[in-house]
Structures are given as C-alpha cells and as structure tokens.
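# A structural walkthrough
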Amino acid sequence: QVQFVESGGGLVQPGGSLRLSCTISGPITVSETIFMYIMAWYRQAPGKQRELVAHVLNDGRSNLADSVKGRFTISRDNGKKTLYLQMNSLKPEDTATYYCNRFPAESEYWGQGTQVTVSS
C-alpha cells in the first residue's frame, strides 16, 4: 500500500524556520509512478478545512498560496522521491498539521501529517 510519510515538524517561535520532508512508501514501481506527477503540501489548522499551501511540477516549477509567498519554498528530489517545504519567517497562523500528496490530492494517499506549532 502506498502512503506519504511527512516529517520535520515541531514547535518554533514566531520568525523561526522549519524544513518539512515527505517521502513515499510502498512498492517501488507504484511509488515512482505516483511521484512523477505534481506534488503538493497541504495544511489543516484546528477547526478549519485542509488547504493547499504549495505545489511543484516534475520539472521544479512551483506555485505557492498567497499567504506563504515570500516565506515558504517547495522543492523536490525526484531521485530520492522526496518532497520538501522550507518554511521561514513563521507566523502563529502557520500552526497546522502539514500533509503532502499529489495535486489534485488522492484521498487514499493521505499520511499522518507532521504538526507545526508556531508560538512564543
């Protein structure tokens, strides 16, 4: 069974930085096929719907939500089948559980996510 595995979250003070990583588990041929497509980071804050944070094409071109532009960077290493989210100048409103998935998301691939808490 294929699933995304997120890591790198934690507690950070406002203005701090974190780097999230996402890998894919499962049969090699299936996981490689899945990772070929557009990949994305999503987040869900308590009491809110899950939202798209950023997505990146296979060639590295990316797009970010207005709320994180200039602060977050999404990237991918296709050889390692790993997705990254570099988060700088973090704000309390960035507090959420962060998930990776394809774009558009496939419900069967959601992982456990990684918790990011921005607080002083």
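A short tour of the structure in this document, coming up.

Here is what the cut-offs are and how they apply
- Residues numbered from 1 in each chain as written.
- Predicted model: local features only at pLDDT ≥ 70, side-chain atom pairs only at ≥ 80, totals over all residues.
- Heavy atoms only, no water.
- Core = buried A, V, L, I, M, F, W, Y, C linked by side-chain atoms within 4.5 Å.
- Buried < 20%, exposed > 50% of the residue type's maximum accessible area, 1.4 Å probe, protein only.
- Helix = DSSP H or I, 4+ residues; strand = E, 2+ residues; numbered from the N terminus.
- Contact = heavy atoms within 4.5 Å.
- Pairing = 2+ DSSP bridges.
- Axes fitted to C-alpha atoms, helices over the stretch in contact; angles between N-to-C directions.
- Salt bridge = Lys/Arg side-chain N within 4 Å of Asp/Glu carboxyl O.
- Disulfide = S-S within 2.5 Å.

## Overview of the nonpolar core
Core analysis: the largest hydrophobic core is formed by 29 residues, its most contacted members being Trp41, Phe72, Leu83, Leu85, Met87 and Tyr98. Contributing elements (two or more residues each) for this core: strand 3 (18–25), helix 1 (28–35), strand 4 (39–44), strand 5 (51–56), strand 7 (72–77), strand 8 (82–87), strand 9 (96–102) and strand 10 (114–118). The contact partners of Phe72, leaving out residues within four places of it in the chain, are Arg43, Val53, Leu64, Leu85, Gln86, Met87, Asn88, Leu90, Asp94 and Tyr98.

## Examining the sheet that holds strand 10
As summarised here, the arrangement of the six strands in space is 2-10-9-4-5-6, forming an open sheet in which the pairing is mixed. Each of the sheet's edge strands pairs with one partner strand only, and the pair in question is strand 2 (10–12) and strand 6 (62–64). Here the average twist between neighbouring strands, direction ignored, is 25 degrees. Pairing of strand 4 with strand 5, which is carried by five bridges, proceeds in the antiparallel orientation.

## Overview of unusual backbone geometry
Geometrically, the link from Phe103 to Pro104 is a cis peptide bond, its omega value of -5 degrees lying close to zero. Note on placement: Pro104 falls in the loop between strand 9 and strand 10. Phi at Ser89 takes a positive value of approximately 50 degrees, unusual for a residue other than glycine. With respect to the element layout, Ser89 can be found in the loop between strand 8 and strand 9.

## Re the pattern of salt bridges
For the structure on display, the rule yields five salt bridges. Linking Glu51 and Arg43 is a salt bridge whose minimum nitrogen-to-oxygen distance equals 2.7 Å. Its salt-bridge partner being Asp59, residue Arg61 comes within 2.8 Å of it at the nearest N-O pair. The exposure classification of Arg61 matches that of Asp59, with both residues exposed. Through salt bridges with shared partners, one network takes in Arg43, Glu51, Arg71 and Asp94.

## A look at the sheet that holds strand 8
Overall, antiparallel pairing links the four strands, which are arranged 1-3-8-7 in an open sheet. Looking along the sheet, the strands with just one partner apiece sit at the ends: strand 1 (3–7) and strand 7. Averaged over all adjacent pairs, the angle separating strand axes in this sheet is 20 degrees, with direction ignored. When strand 3 meets strand 8, the two strands line up antiparallel, connected through six bridges. Bridge pairing in strand 8 links Leu20 to Leu85.

## Observations regarding the state of the cysteines
Tallying each qualifying case throughout the model produces one disulfide. Put simply, Cys22 and Cys100 are joined by a disulfide, and their sulfur atoms are 1.8 Å apart. Since a negative S-S torsion denotes a left-handed disulfide, the Cys22-Cys100 link at about 55 degrees is right-handed. With Cys22 in strand 3 and Cys100 in strand 9, this pair connects stretches of sequence that are 78 residues apart.

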